[in-house]
2 protein chains.
Amino acid sequence: MERREQLVSVAFGLFYRYGVHAIGINRVIAESGVAKKTLYNHFPSKEALVAATVEYRDRQFSSWIEGRTQLAPDGQSAILALFDALDDWFNEREKLIHPFHGCYFINVSAEFSDLNHPVHQQCASHKRSMLGLISGYISQIFSDEKTVVTLSEAVATLKEGATVQAHVMGDLKAAVKAKAIAEELLKARFADHATAVLL
Amino acid sequence: MERREQLVSVAFGLFYRYGVHAIGINRVIAESGVAKKTLYNHFPSKEALVAATVEYRDRQFSSWIEGRTQLAPDGQSAILALFDALDDWFNEREKLIHPFHGCYFINVSAEFSDLNHPVHQQCASHKRSMLGLISGYISQIFSDEKTVVTLSEAVATLKEGATVQAHVMGDLKAAVKAKAIAEELLKARFADHATAVLL
DNA sequence: GTCAATGTAGACAGATCGGTCTCCTTCGTT
DNA sequence: AACGAAGGAGACCGATCTGTCTACATTGAC
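Residues numbered from 1 in each chain as written. Chains lettered and ligands numbered in written order. Predicted model: local features only at pLDDT ≥ 70, side-chain atom pairs only at ≥ 80, totals over all residues. Heavy atoms only, no water.

- The name an unreviewed UniProt entry gives chain A is TetR family transcriptional regulator, with Vreelandella nigrificans as the organism.

As structure tokens, then:
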């Protein structure tokens, strides 16, 4: 079990830094100090190793984001905390989740572009659970189902957009900017709901 | 000159579909019907070919987006037309710019993750020029420099976020949703400016 | 000590990688 | 016809790819 985790951790680091297809399994074993036979004892193929890295990152990233958001006093604070967490990630103030090379799930989807590919589906699944997390916080603020859905998706869109801008353009303030927009969208709906109550 | 364009076009199609490192130059020459010697006559290396595909896509995508937005009667219509264009692209109603496999510049940045890599910088440059296009339309609406910058970046963030959601999650309505948020942000600033005038 | 589980180093195999180079062909210009 | 530019087929090279397998070592349980 120890060796398996080590392989996944090292492979993730290399794939995240250089891309899945740019790194061969010989590099993974060289840097992990694990024998090739052991690698193939644990994983039937390179692709299985890739899938394991996606799952590893999913758990790592999700638990980190939850840790940064779930102690917030209310739904709005949680959403803003999400963008604060992104800001720390983009600016590499956070050592728990690896130096920033963009979003692993976006990157892996680029290399496994077919929507039906199992690895791509793993990435989609991660995105859906992030949307679910956001939706949970938004529904602490608003009870109107339509508002919850619309706003959750907007926040998720801003999150993904900011991540791309941070990575592709090197915009270190992308999260701060996206946070301001998210806050604006939230406040606009407070106003809407206040109006509805008054009428 | 004819052979060069053919190589770039075919290489782009393959790299966009499967990823740069997943496709070797032998596949490119096999599918383009161009001899290997000819390829190396035109490009000193695979990386130079990759760079040429990024430039090719930059021109293709930018001219397409401009074509879809510059005839709009005003800045707001142009921004909304941008999202309509994205919608057609995600839903493959547009044959001029290749079937949808996410954003080539995001995908290539994933494989050339180092911000200092020339190919990565080409992708960043494309994103900056898209931001410039958006900024041009927004400045047709608002003269306040701060509003132009803030709103342009918000629109660009929504554009990137929607693209990721369309690709990773297969969300075919991502552009429509992002458009609604962009419209909301625009209208909120009309209200702001109307208030300023009244005061 | 014995045995099974786990792991090691690395040879091996067929395939492909990016890039170099030989020999030849075609075409346009002089 | 001669020449140079452009291009073709594909052999060749050293390296690496993914995956298989041999011979051996270590460790923990019995």
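Some details on the overall build of chain A
Here is step 1 of the chain: The helix and strand tally for chain A stands at 9 helices and 0 strands.
Here is step 2 of the chain: Listing the helices and strands of chain A from first to last along the sequence gives α-α-α-α-α-α-α-α-α.
Here is step 3 of the chain: A principal-axis box enclosing the C-alpha atoms of chain A has dimensions of 70 × 30 × 30 Å.
Here is step 4 of the chain: Residue burial in chain A is summarised as follows: out of 199 residues, 51% are buried.
Here is step 5 of the chain: Long-range contacts, defined as pairs at least 24 residues apart, comprise 67% of the intrachain contacts of chain A with a sequence gap of at least 6.
Here is step 6 of the chain: With an accessible surface of roughly 8700 Å², chain A has 54% of that area assigned to carbon and sulfur atoms.
Here is step 7 of the chain: On chain A, the mean spot of the 21 positive side-chain charges and the mean spot of the 23 negative ones are 7 Å from each other. (Helix = DSSP H or I, 4+ residues; strand = E, 2+ residues; numbered from the N terminus. Buried < 20%, exposed > 50% of the residue type's maximum accessible area, 1.4 Å probe, protein only. Contact = heavy atoms within 4.5 Å. Areas by Shrake-Rupley, 256 points an atom, 1.4 Å probe, with all protein chains shown as cover. Lys, Arg positive; Asp, Glu negative; His and termini not counted. Charge placed at Lys NZ, Arg CZ, Asp CG, Glu CD.)

Regarding empty space enclosed by the protein
Residue and element names in this part refer to chain B.
Here is step 1 of the chain: This model, assessed by the stated rule, comprises 6 cavities of 30 Å³ or more.
Here is step 2 of the chain: Reported here for the largest cavity is a volume of approximately 60 Å³.
Here is step 3 of the chain: Around the largest cavity, the lining residues are Arg 57, Phe 61, Trp 89, Cys 103, Tyr 104, Phe 105, His 126, Lys 127, Lys 159, Glu 160 and Thr 163.
Here is step 4 of the chain: At the level of secondary structure, the elements contributing two or more residues to the lining of the largest cavity comprise α4 (46-69), α6 (104-111), α7 (118-138) and α8 (145-168).
Here is step 5 of the chain: Of the residues belonging to the lining of the largest cavity, the class tally is 5 nonpolar, 2 polar and 4 charged. (1 Å grid on protein atoms, 1.4 Å probe; cavity = no way out; pocket = protein on both sides within 12 Å on 5 of 7 lines; lining within 4 Å. Points joined across faces, edges and corners; volume = space filled by probe spheres on them. Nonpolar A, V, L, I, M, F, W, Y, C, P; charged D, E, K, R; others polar.)

Quick look at the interface of chain B and chain A
Here is step 1 of the chain: Opposite the 39 residues of chain B that make contact, chain A presents 39 residues.
Here is step 2 of the chain: Interface area for chain B against chain A, summed over the two sides, is near 3400 Å², with a carbon-plus-sulfur share of 65%.
Here is step 3 of the chain: Our enumeration of links across chain B and chain A arrives at 4 salt bridges.
Here is step 4 of the chain: A salt bridge links Arg 189 of chain B to Glu 184 of chain A, with the shortest nitrogen-to-oxygen separation between them at 2.8 Å.
Here is step 5 of the chain: Joining chain B to chain A, the criterion identifies 12 residue pairs in polar contact (both at pLDDT 80 or more).
Here is step 6 of the chain: Elements with a minimum of two residues in the side of chain B that touches chain A: α1 (2-18), α6, α7, α8 and α9 (174-198) of chain B. (Buried area = accessible area lost by both parts, 1.4 Å probe. Salt bridge = Lys/Arg side-chain N within 4 Å of Asp/Glu carboxyl O. Polar contact = N/O pair within 3.5 Å; in protein donor to acceptor, adjacent residues only side chain to side chain.)

Some points on the protein's contact with DNA strand C
Here is step 1 of the chain: Neighbouring DNA strand C are 17 residues; Arg 3 and Thr 38 of chain A together with Ile 25, Lys 36 and Lys 46 of chain B lie closest to it.
Here is step 2 of the chain: Within 4 Å of the protein, the contacting atoms of DNA strand C are 58% sugar and phosphate, with bases supplying the remainder.
Here is step 3 of the chain: Here a phosphate oxygen of DNA strand C and a backbone polar atom of Gly 33 of chain A are 3.4 Å apart.
Here is step 4 of the chain: Ala 35 of chain A is positioned such that a nitrogen or oxygen atom in its backbone is 3.0 Å from a phosphate oxygen of DNA strand C.
Here is step 5 of the chain: Those elements that place two or more of their residues in the surface near DNA strand C are α3 (36-42) of chain A together with α2 (25-32) and α3 (36-42) of chain B.
Here is step 6 of the chain: Sort the elements by how many residues they give to the surface near DNA strand C and α3 of chain A lands first, with 4 residues.
Here is step 7 of the chain: Of the residues that constitute the surface near DNA strand C, the class distribution is 5 nonpolar, 6 polar and 6 charged. (Near = heavy atom within 4 Å.)

Some remarks on the packing of helix α5 (residues 75-90) of chain A against helix α8 (residues 145-168) of chain A
The relative placement of two packed helices comes down to the angle between their axes together with the axis-to-axis distance.
All names here are of chain A.
Here is step 1 of the chain: Their axes nearest at 11 Å, the elements α5 and α8 cross at an angle of 10 degrees. Classified by the angle their axes make, α5 and α8 are roughly parallel. Every pair of crossing elements has a handedness; the one defined by α5 and α8 is right-handed. From α5, Ile 79, Leu 82, Phe 83, Leu 86, Trp 89 and Phe 90 reach across to α8, where they touch Val 155, Leu 158, Lys 159, Ala 162, Thr 163 and Ala 166.
Here is step 2 of the chain: When grouped by side-chain class, the residues that make up the contact of α5 with α8 number 10 nonpolar, 1 polar and 1 charged. (Axes fitted to C-alpha atoms, helices over the stretch in contact; angles between N-to-C directions. Parallel < 35°, antiparallel > 145°, perpendicular 65-115°, else oblique. Left-handed = near helix turned anticlockwise from the far one by under 90°.)

Topic: α2 of chain B
For an α-helix, 3.6 residues make a turn, and residues three or four places apart therefore share a direction.
Residues and elements named next belong to chain B.
Here is step 1 of the chain: Within α2, the full set of buried residues consists of Ile 25, Val 28, Ile 29 and Ser 32. Along the long axis of α2, the arc covered by the buried residues comes to 90 degrees, so they all point the same way.
Here is step 2 of the chain: Packing partners of the buried residues in α2 comprise α1, α3 and α4.
Here is step 3 of the chain: In the segment just after α2, Gly 33 is the residue with positive phi, at about 70 degrees. (Arc of directions from axis to C-beta.)

Let's talk about the protein's contact with DNA strand D
Here is step 1 of the chain: Taken together, 16 residues form the shell around DNA strand D, and within it Ile 25, Asn 26 and Lys 36 of chain A together with Arg 3 and Thr 38 of chain B come nearest.
Here is step 2 of the chain: Taking Ile 25 of chain A, its main chain carries an N or O atom lying 2.6 Å from a phosphate oxygen of DNA strand D.
Here is step 3 of the chain: Lys 36 of chain A is positioned such that a nitrogen or oxygen atom in its side chain is 2.6 Å from a base oxygen of DNA strand D.
Here is step 4 of the chain: Elements represented by at least two residues in the surface near DNA strand D include exactly α2 (25-32) and α3 of chain A together with α3 of chain B.

Overview of the environment of Ser 9 of chain A
Here is step 1 of the chain: You can see Ser 9 of chain A is positioned in helix α1 (residues 2-18).
Here is step 2 of the chain: Separated by 93 residues in sequence, Ser 9 of chain A and Gly 102 of chain A have C-alpha atoms that sit 17 Å apart.

Some points on unusual backbone geometry
All names here are of chain A.
Here is step 1 of the chain: One non-glycine residue, Glu 92, adopts positive backbone phi at about 55 degrees.
Here is step 2 of the chain: Checked against the element boundaries, Glu 92 lands in the loop between α5 and α6 (104-111).
Here is step 3 of the chain: Take Glu 92: its relative accessible area is 37%, and that puts it in the partly exposed class.

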